[in-house]
Structures are given as C-alpha cells and as structure tokens.
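The residues making up each chain are set out below.
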Amino acid sequence: MKTLFNLTYSLAYYIAAGLLLLTSSLLTSCSSQKAALYSNELRRLKTASASKFALQIDEFNAYPQRPVSDGPLNPKNNKDFLLANVPLFSSSDSTITKVYNYRWWMISKHLKAYADPEDGKSYWVVTEFFGVKPWASLSGAITCPAGQQFYDVRWLRDKKFLKSYADYFMRGSASRLNQRENANFLTYLSRPESHHFSSWMINGIEAYLKVHPDAQWMHDLLPAMEKHQQVWDSLFTVKLPGAKTNGMYKILDLYDGMEFSLSAVLGLIHSKGAYCLYTEDNWRKYYLGWETTGNAERSDQAKAYPKAFRKGYPDFYLIRPSVNSYAYGNLQSLADMYKLDEAKYRVSQSGSKAADYAARAAQVQNKVLQVLWNKQDQFFNTYSAGDNEFGARDYEARVRESVGYTPWYFGLIPTRDYDNYSKAWEMFASRKGFYNTAGMTTAEQQHPYYNEQAYAWNGRGWPFENSVVYKGYANYLRNYKKSSTPAEKQLLYDYIEKLARMHGTDHLNIGEWYIPSNGKTFGGESDYFHSTFPDIIIEDLLGFKAMHEHRFSINPLLPESKWDYFYLGNLRYHDHDIDIIWKKDWKPDEPGNQSFVCMGRPQIDCNQCILK
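This text gives an overview of the structure that appears in the document. Bear in mind that the values here come from a model prediction, so they are computed numbers and not experimental data.

**Description of the overall build of the chain**
Within the chain, the regular secondary structure consists of 18 helices and 17 strands. Taking 612 residues into account, the globule formula puts the C-alpha radius of gyration at 25 Å, and the chain, at 24 Å, falls close to it. With the C-alpha coordinates of the chain rotated into their principal frame, the extents come out at 85 × 55 × 50 Å. The buried share of the chain, reckoned over its 612 residues, is 63%. For the chain, long-range pairs separated by at least 24 residues make up 69% of all intrachain contacts whose partners lie at least 6 apart in sequence. One way to put it: in the chain the 70 positive side-chain charges average out to a point 2 Å from where the 65 negative ones average out.

Following this line, the structure appears as structure tokens:
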C-alpha cells in the first residue's frame, strides 16, 4: 500500500493526494466545479464537527462524580471557550474522535488562574491532579507532566495559557521557591519547585513557539530558560572524574515520575552496605509499591543508615535514558531558539550561544550512545549514578524498560546511522517485549521480575509513557526511516486505538495507570492530565509537523484501510487558520476511489505541490 501523502507546504494552501487545505484564494484557482465540491465539503465537515463537539461537551459536563474544575472553566461556561479555541477534528473512527474531544474538555478543567502571593503577579498554570497536592508547587502545578502539557496545550488558539505557564516556571516564584518538605516527596537535595520532578519544559516551550511564534517573548525568556537548565546541570549531573557516567544526568526514579522501577531494583540488589537489605528473594517486600516502603523504613539497615532512606524510599540515583534525553532535548532547543534569536539580533558567530548549546547537546548525545546503548541487548539501558553516596555505582541494569525509547522522542539518534539502533523497536511489537492485549507495558514481559499488578513502573501501563513512546515511534518511522510498511503503521494505530478504547464508552475517563494484560479502563485519578492525546492525533498520527519557518509538513502514518476521511480544522498556526480534509473517495458516484487531486495550475511535483 502506498503512503497517503507526504507533503511540505508554505503558508499558502494546497490540494494533493486527496488532501485539501482551503482558503478563498485557493478556491478561485480551481475550476468552479472543483471549488464548489471542496467548499461545500469543508463547510459540511466543519459544521458537523463543531456540532458533534458541542453535543459531546454537554455529555461530558453531565458526567456524575467528576472533579468540577481547577480553574474558571467549568460545566457552566466551558462550551463557548472550547468551540472557539480547540482544533476541530472528526474522522470515520468515532471512538478516536470522541476521545479527542473528551481530552480537550478534560484539559480545559486544568487551566488554572493563580494569584501568586510571592511576587504579586497573576499566572495561568496547568495542573495534573485537582487541588494542591503536597508534592505540587504552591500553585498546584506539578513539573512532572509539564512536557506533556506543553505539547497538548500548544494547539489551543489562545496563546496566553502556555506563555503564562512558561513564565511561572521559568522566571516566576516556582523558579525560586524551594520545594516544600513532606512525607515522601523530598530527598536531601534541596531544589526549586521548577525542578522537583524531571521535565523537558524548555523543549516544550520551543514546541509551543513552532505553533505560535513570538520572537520578542522568546528573546525575553531565553535568559530564564538558560538559568533553568543551569539548575539541572549543577544539581543533577554526576561529578566524579573517572566514573563511566561522569557528566551525565542523574535522577531518582521517583523524581522521574516512575517510582519502583525495575532498573532501580536490579541496582539495589547489586548494592552492598545500606542497600544489602534488597535481595533477589525479598525485594518485593521492600520496593514494590508505597505499601512496602514502611517495611524498609523499619529495617535494621534503615536504622543504621538513616540518610540512605527517606521514609523507606532509597536515595539511589540513576542515569536513565529518560532524563538524559530530556536534557538533550532542552539543550538542543536552547540551541535552536538562540539560533533564531541571534539571526534576528545579528549576534556575531564568535559570541554564539546557539553554537555552545549545540555542542553541549552533542556531548549529551554522545554519552547516551556510548554509555547507555547496549549492543547485545539492542536497547538503551539504565545505569546507577557514578557518584552515589549509597549503593552501587556505574552499575548497568540489564532490563529493557520503555524509557529506553525516549531518545527517539527528541531526535537524539543520529540520522546517518539510525539503522544501528532500529532493532530496539522489534520489542515494541513483541509479546516478549512491550506489546500486550490492552496496551503497552513499561518493562519487557520476558524479564523474571515483570509485574503489572503493583503500583509501580515494572510492567503496569502508564499513559504518560504511552505519550512518549508513541511519539518516539512516529518519529522513527517518519524522520528516520522516512517510510513505513503497512504493518508498522498498523502497529502505531493499534496502540493508539487501544489507548482510545480504554477511555471507556458510557463515561469517558483518563486516569493514571492500566493493566496491560487485561485492562478495561484506567485506574487512579479521574480526568487526570499527565499524558497527551490531541498531540498524538495531530502530530504523531496525522503528521502535522510544526516548524519555526512559515511552513509545515503533512505526513500521516494512518493505515490506508482504516479511515474513509478525516478533518482537522480551526487550527491556528503562525497566525493563519488552517483546515485540512482528507477523503478516500471525493467522488463516490464515479468508479474507484477519487482520492488524488492536484491543483488547477501547473505543478512542480504532485508530491510537493508548493506554491509561492
């Protein structure tokens, strides 16, 4: 089967391979018959999509026993906002379409207005849980899902939410106030609220700017983004010359949002001294969910080494593919944004911060490839930090975890030799690896310690990780292979479809976790903003790639036999409104599928269809 289409556009609009992007100027260039066909179909789908969304908003607002809202948007006033700001989407898959609409409704409830008593300013923040949790910032926002939130919320037409959210974490009180202490979520490392959990917020800000460019705001924020990265560099890197992991980024799995990971288990079992508590036979008693940490806290080792444990949680730092990929993404984004900034303000090459950050990103890239890639396992593994005060140092945990796919999310793999790392994706499709009945696992199923029943990251599925890995896989197919087989497209669609179905049917919901082998729904919180879905549809499946230049590309990974049509519209991009329609058959009254339509003017290439 051939690819539906793979096109790059300037900000004029084009028709190709059944894809339609419409403005009045385009319609005048087509024959009157074609113009009428396209205009009528756009009007019909736009109206139908908005009407369906409006009805579903009413349905969602009527859900019983749901958190009302963290902010001013609630069932009494959210419909007008959502219809005016959300990119409209419809397709022949009613389940995916409805989940897309539900997720925007859920997102609106997490847009919170916060009057900051520390600096007297007002901010928009985006929350994860409802209410203010002890491990949150004082505003209620939590850094752990912030990268995911930036990628979803950037598609809203209203620009103020993410600009304010970025200001809050980059130069507001959250960048200065230390995370307050509580029972489980503070180690002996004091750090600002903006660094309580790992994140890729700088990269998220760049992703936002690709949709809504603002050169002056970016210029003003760049020094604060530099300081934000400097905190990661100063507090969360290994500083032990001679260590294999020297200079790499370290984190507790807990502060990576992925507590009780199998890579930590293996490192703890390998450790001596304080962590000789953990053995192959008993680790489940001490490190398999929050109900087990009390056992560790009462142990003789915890009494002998009180600093090695925090409420029974080991102070054991890891060099994970996740946090090092986040650092690469942030550094590369600083390089990209400074390159734009320096071009605008004519900074000399000798004083280029863009070049400095690009070099630093390359250093992180080289370390990840040289240290974390295991040729025998054909996977990116986790090491223990080379400067751990307690426990094993520079120990490689030989277990495949889903975080090993994070490098592809940020394009860390070198394009020239991407095939050297491609075998890792075989585990994505394997029952021995991450593929299961209801969704993706977070550890390889063939490992003897695999466990999906405990509240832990050693098997159980987490939508947070679905969002990262699906984008990584889409990037692998689209940016590295630059082509994809029907089976590869089907695999991505299968995962997205399972994720959509798990939202339920009667009362849709998104929670924290699911059971991959037999999960019917999500567990934990309701209407929980810790993962993406609109972005999975817009960028990963449909392939709308935003750019800093006044261009974009469309390269869907949709299996050819799955949908009869899709519509994506009301999309605000670089201050232009974009409507996209694809139909398998534009003229059903004629034999065969009429899906390929070219412009009514000379073509340079029907696979590029670029007009000035």
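**Remarks on the packing of helix 16 (residues 463-481) against helix 18 (residues 534-541)**
With their axes 10 Å apart at the nearest point, helix 16 and helix 18 run at an angle of 10° to one another. The orientation of helix 16 relative to helix 18 falls into the category roughly parallel. Along its contact with helix 16, which presents Ser 467, Tyr 470, Lys 471, Ala 474 and Arg 478, the element helix 18 presents Asp 535, Ile 536, Glu 539, Asp 540 and Leu 541. Residues belonging to the contact of helix 16 with helix 18 are distributed by class as follows: four nonpolar, one polar and five charged.

**Quick look at the sheet that holds strand 9 (residues 318-319)**
The antiparallel open sheet is built from three strands, whose spatial order is 9-12-13. The sheet is open, and its two edges are formed by strand 9 and strand 13 (396-397), each paired on a single side. Pairing geometry for strand 12 (residues 382-384) and strand 13, over two bridges, is antiparallel. The residue of strand 13 that forms the bridge with Thr 382 is Ala 397.

**Concerning the environment of Ser 108**
Here Ser 108 lies in helix 4 (residues 94-108). Separated by 153 residues in the primary sequence, Ser 108 and Ser 261 have C-alpha atoms spaced 32 Å apart. Contact partners of Ser 108, with chain neighbours within four places excluded, come to Leu 73, Asn 78, Phe 81 and Leu 82. Among the polar contacts listed, one links the side chain of Ser 108 to the backbone oxygen of Trp 105, at a separation of 2.7 Å.

**Considering the pattern of salt bridges**
Counting across every chain of the model gives 31 salt bridges. For Asp 158, the salt bridge is made with Lys 160, and the minimal N-O distance between the two is 2.6 Å. In this structure Asp 158 comes out as partly exposed when scored by relative accessible area, which is 24%. For Asp 540, the salt bridge identified is with Lys 471, shortest N-O distance 2.8 Å. Residue Asp 540 is found in helix 18, and its partner Lys 471 is found in helix 16; the two are separated by 69 residues along the sequence. For Asp 540, a relative accessible area of 1% gives the class buried. A network of salt bridges, in which partner residues are shared, links Arg 154, Lys 471, Asp 535, Glu 539 and Asp 540.

**Things to note about helix 17 (residues 486-501)**
Taking 1.5 Å per residue, 16 residues should reach 22 Å; helix 17 reaches 22 Å between its end C-alpha atoms and fits that length. Of the residues making up helix 17, those classed as buried are Glu 488, Lys 489, Leu 491, Leu 492, Tyr 493, Asp 494, Tyr 495, Ile 496, Glu 497, Lys 498, Leu 499 and Ala 500.

**Notes on the environment of Asp 417**
Considering the arrangement of structural elements, one finds Asp 417 in the loop between helix 15 (406-409) and helix 16. Taking relative accessible area as the criterion, Asp 417 reaches 23% and is therefore assigned partly exposed. Between the C-alpha atom of Asp 417 and that of Arg 478, which follows or precedes it by 61 residues, the distance is 15 Å.

**Comments concerning the pairing of strand 5 (residues 111-115)**
In this sheet, strand 6 (residues 122-126) lies alongside strand 5 in antiparallel orientation, the contact comprising five bridges. By the bridge assignment, Leu 111 is partnered in strand 6 with Val 126.

**Focus: the packing of aromatic side chains**
Applying the stated criterion across every chain yields a total of 73 aromatic pairs. Judged by centre distance (6.2 Å) and plane angle (80°), the ring pair of Tyr 278 and Tyr 287 falls under edge-to-face. Residue classification places Tyr 278 among the buried residues on the basis of a relative accessible area of 2%. Residue class for Tyr 287 comes out buried when judged on its relative accessible area of 1%. Cation over ring: Arg 310 sits above Tyr 188, and NZ or CZ is 5.5 Å from the ring centre.

**Describing the pairing of strand 6**
Most of strand 6 sits out of view: four of its five residues are buried. Counted along the chain from strand 5 to the antiparallel partner strand 6, the turn is six residues long, and its residue Gly 120 has a positive phi close to 75°.

**Description of unusual backbone geometry**
Positive phi, close to 60°, is recorded for Phe 260, a residue that is not glycine. Judged by its relative accessible area of 0%, Phe 260 falls in the buried class. Positioned with a positive phi, Lys 311 is a non-glycine residue whose angle comes to about 55°. Mapped onto the fold, Lys 311 is located in the loop between strand 7 (309-310) and strand 8 (313-314). Residue classification places Lys 311 among the partly exposed residues on the basis of a relative accessible area of 42%.

Thresholds applied
- Residues numbered from 1 in each chain as written.
- Predicted model: local features only at pLDDT ≥ 70, side-chain atom pairs only at ≥ 80, totals over all residues.
- Heavy atoms only, no water.
- Helix = DSSP H or I, 4+ residues; strand = E, 2+ residues; numbered from the N terminus.
- Rg over C-alpha atoms; globule rule 2.2 N^0.38 Å.
- Buried < 20%, exposed > 50% of the residue type's maximum accessible area, 1.4 Å probe, protein only.
- Contact = heavy atoms within 4.5 Å.
- Lys, Arg positive; Asp, Glu negative; His and termini not counted.
- Charge placed at Lys NZ, Arg CZ, Asp CG, Glu CD.
- Axes fitted to C-alpha atoms, helices over the stretch in contact; angles between N-to-C directions.
- Parallel < 35°, antiparallel > 145°, perpendicular 65-115°, else oblique.
- Nonpolar A, V, L, I, M, F, W, Y, C, P; charged D, E, K, R; others polar.
- Pairing = 2+ DSSP bridges.
- Polar contact = N/O pair within 3.5 Å; in protein donor to acceptor, adjacent residues only side chain to side chain.
- Salt bridge = Lys/Arg side-chain N within 4 Å of Asp/Glu carboxyl O.
- Expected span 1.5 Å × (residues − 1).
- Phe/Tyr/Trp six-rings, centres within 6.5 Å; stacked < 30°, edge-to-face > 60°.
- Lys NZ or Arg CZ within 6 Å of the ring centre and 35° of its normal.

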